[in-house]
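# An overview of the molecular structure
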Amino acid sequence: MEIVDATKVQCPMPIVKLAQAMKSLQVGQKVKIQAVDLAFEADIHAWCEQTHNLLIEFSAENGIFTAIIEKQN
Amino acid sequence: MSQSKKLSIIAFSGDLDKLMAVFIIATGAAASGMQVGIFTTFWGTSLLRKIKSKTKKKSFIEKIFAALLPKGPHQVRLSRLNMFGIGSWSMKYLMKKKNIANLEKLMQAAEDLGVKINVCEMSMNMMGFQREEMIDYKDLSYYGIAGFLNQARDGMVLFI
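Residues numbered from 1 in each chain as written. Chains lettered and ligands numbered in written order. Predicted model: local features only at pLDDT ≥ 70, side-chain atom pairs only at ≥ 80, totals over all residues. Heavy atoms only, no water.

### Digging into the overall build of chain B
Here is the rule: Runs of H or I in DSSP of at least four residues are treated as helices and runs of E of at least two as strands, each being numbered from the N terminus. Computation of the radius of gyration draws on C-alpha atoms, with the globule rule given as 2.2 Å multiplied by the number of residues to the power 0.38. Only protein chains enter the accessibility calculation, which uses a 1.4 Å probe; a residue whose area is less than 20% of its type maximum is buried, one above 50% is exposed, and one in between is partly exposed. In what follows, a contact means two residues having at least one pair of non-hydrogen atoms within 4.5 Å. Note on areas: these come from Shrake-Rupley sampling with a 1.4 Å probe, and a residue is covered only by the protein chains present in the view.
A count of helical and extended segments in chain B gives seven helices and five strands. For chain B, the N- to C-terminal ordering of α and β elements is β-α-β-α-α-α-α-β-α-β-α-β. Taking 2.2 N^0.38 as the reference for a compact globule, 160 residues should give roughly 15 Å; the C-alpha atoms of chain B span a radius of gyration of 16 Å, in line with that estimate. A burial count over chain B gives 46% of its 160 residues as buried. By sequence separation, contacts in chain B at least 24 residues apart represent 75% of the contacts at least 6 residues apart. Accessible surface for chain B amounts to roughly 8800 Å². Of this, 61% is attributable to carbon and sulfur atoms.

### Concerning the pairing of strand β1 (residues 2–6) of chain A
Residue and element names in this part refer to chain A. Stated precisely, the cut-off is as follows: Two strands are said to pair when DSSP picks up at least two bridges between them. For crossovers, right-handed means that the path from the first strand over the helix to the second runs clockwise, given strands pointing away from the viewer.
One ladder, built from five bridges, connects β1 with strand β2 (residues 30–35); its direction is parallel. Paired with A6 across the bridge in β2 is A35. Remark: the β1/helix α1 (residues 13–23)/β2 crossover connection has right-handed handedness.

### Describing the interface of chain B and chain A
When the parts of a complex come together, some accessible area is lost, and that lost area is often used as the size of the interface. Stated precisely, the cut-off is as follows: Once two parts are brought into contact, the accessible area they lose, counted with a 1.4 Å probe and summed over both, makes up the buried area. The salt bridge criterion pairs a side-chain nitrogen of Lys or Arg with a carboxyl oxygen of Asp or Glu, the two atoms within 4 Å. Charged residues are taken to be Asp, Glu, Lys and Arg, nonpolar residues to be Ala, Val, Leu, Ile, Met, Phe, Trp, Tyr, Cys and Pro, and polar residues to be all remaining types, Gly included.
Contacts between the two partners involve 18 residues from chain B and, on the opposite side, 14 residues from chain A. Roughly 1200 Å² of surface becomes buried between chain B and chain A when both sides are summed, with 62% attributable to carbon and sulfur atoms. Counting every contact that joins chain B to chain A gives zero salt bridges. Listed by contribution, the elements that provide at least two residues to the side of chain B that touches chain A are α1 (16–31) and α5 (103–112) of chain B. Among the elements that line the side of chain B that touches chain A, the one with the most residues is α1 of chain B, at four residues. Split into classes, the residues belonging to the side of chain B that touches chain A amount to nine nonpolar, six polar and three charged.

### Some thoughts on the packing of α1 of chain A against α5 of chain B
Worth spelling out the cut-off: Where helices are involved, their axes are fitted lines through C-alpha atoms of the stretch in contact, as for all axes, and angles between N-to-C directions lie from 0 to 180°. In what follows, roughly perpendicular refers to angles from 65 to 115 degrees, roughly parallel to angles under 35, roughly antiparallel to angles over 145, and oblique to any angle outside these ranges. Crossing chirality is assigned from the near helix's rotation relative to the far helix, an anticlockwise turn below a right angle marking it left-handed and a clockwise turn marking it right-handed.
Close contact between α1 of chain A and α5 of chain B brings their axes to 11 Å; oriented N to C, the two are set at 30 degrees. As judged from the angle between their axes, α1 of chain A and α5 of chain B are roughly parallel. When you trace α1 of chain A past α5 of chain B, the crossing you get is left-handed. For the pair α1 of chain A and α5 of chain B, the contacting residues are M13, V16, Q20 and K23 of chain A in the first and L106, A109 and D112 of chain B in the second. Counted by class, the contact of α1 of chain A with α5 of chain B contains four nonpolar, one polar and two charged residues.

### Some words on the sheet that holds β1 of chain A
Residues and elements named next belong to chain A. Across the sheet, which stays open at both edges, the four strands sit in the order β1-β2-β4-β3 with mixed pairing between neighbours. The open sheet is flanked by β1 and β3 (54–61), the only strands paired with a single partner. When strand polarity is set aside, the average angle formed by the axes of neighbouring strands in this sheet is 15 degrees. Across the sheet, helix α2 (residues 40–51) touches β2, β3 and β4 (64–70), and the angle it forms with β4 is around 10 degrees.

### Brief notes about the confidence of the model for chain B
Residues and elements named next belong to chain B. Note the threshold: Confidence scores per residue from the predictor, reported as pLDDT, run from 0 to 100.
Chain-level statistics for chain B give a pLDDT mean of 94 and a share of 98% at 70 or above. The secondary-structure element of chain B with the lowest mean pLDDT is helix α2 (residues 60–68), recorded at 91, while strand β1 (residues 6–11) shows the highest, at 98. In the model output, the complex is listed with pTM 0.92 alongside ipTM 0.89.

### Things to note about the pattern of salt bridges
Note that side chains of opposite charge can pair when their charged atoms are close. All names here are of chain B. What the rule picks out here adds up to five salt bridges over all chains. We note a salt bridge from D15 to K18, for which the minimum N-O separation is 3.8 Å. The class for K18 is partly exposed, based on a relative accessible area of 36%. With its nearest N and O atoms 3.6 Å apart, the salt bridge here joins E133 to R49. Of this pair, E133 sits in the loop between α6 (121–127) and β4 (140–143) while R49 sits in the loop between β2 (35–40) and α2, placing them 84 residues apart in sequence. For the pair shown, E133 and R49 are each scored as buried. Bridged by salt links that share partners, the residues R49, K58 and E133 form one connected network.

Following this line, the structure appears as structure tokens:
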């Protein structure tokens, strides 16, 4: 699974990095992204809704958010 | 499906803070699958000037405009608390410390994500800016009002 490290960037770069990573994926493939931006939790839900991708898993641990997204289109 | 998949941002201001907002919104929207166009006009046009360029002859007033207005993302200043550059410098320092993308990085991200930049011909003409002075940006073109209206139709529009 492709991993996107967005722990050293702030809004809007986590979703920018994610969008760039998604381009190289096929439908059904997954990507894991980690971020520390406090808006990330709200943003990742909104982003998945907006881009019609599937948020499979979301967790927060020690200030690091981890999301796994499956490409749908 | 969301109502609007097209975003047009009019970048009127040439201030660092407002241009940050322009490019944060533009990159965020492009990353969310929207088709994004930035339309620079008036002071916003200054952002797109290269530091060094060869130009055709300019009139006296055009030379003054060229000298007093900022060139590129390094030279734009905050709209408030600039304090002769100390404020802008401090802000850039804080942004770097807190891993916040600066204007140069945001412009690079915008280019990578296919954000279109359109430059107002009339502003360029008025301030004496020439095409040779504009930065290298993949999707840069020049527009008039009809072109803007056509692009902006049925989409979201922001004026910054």
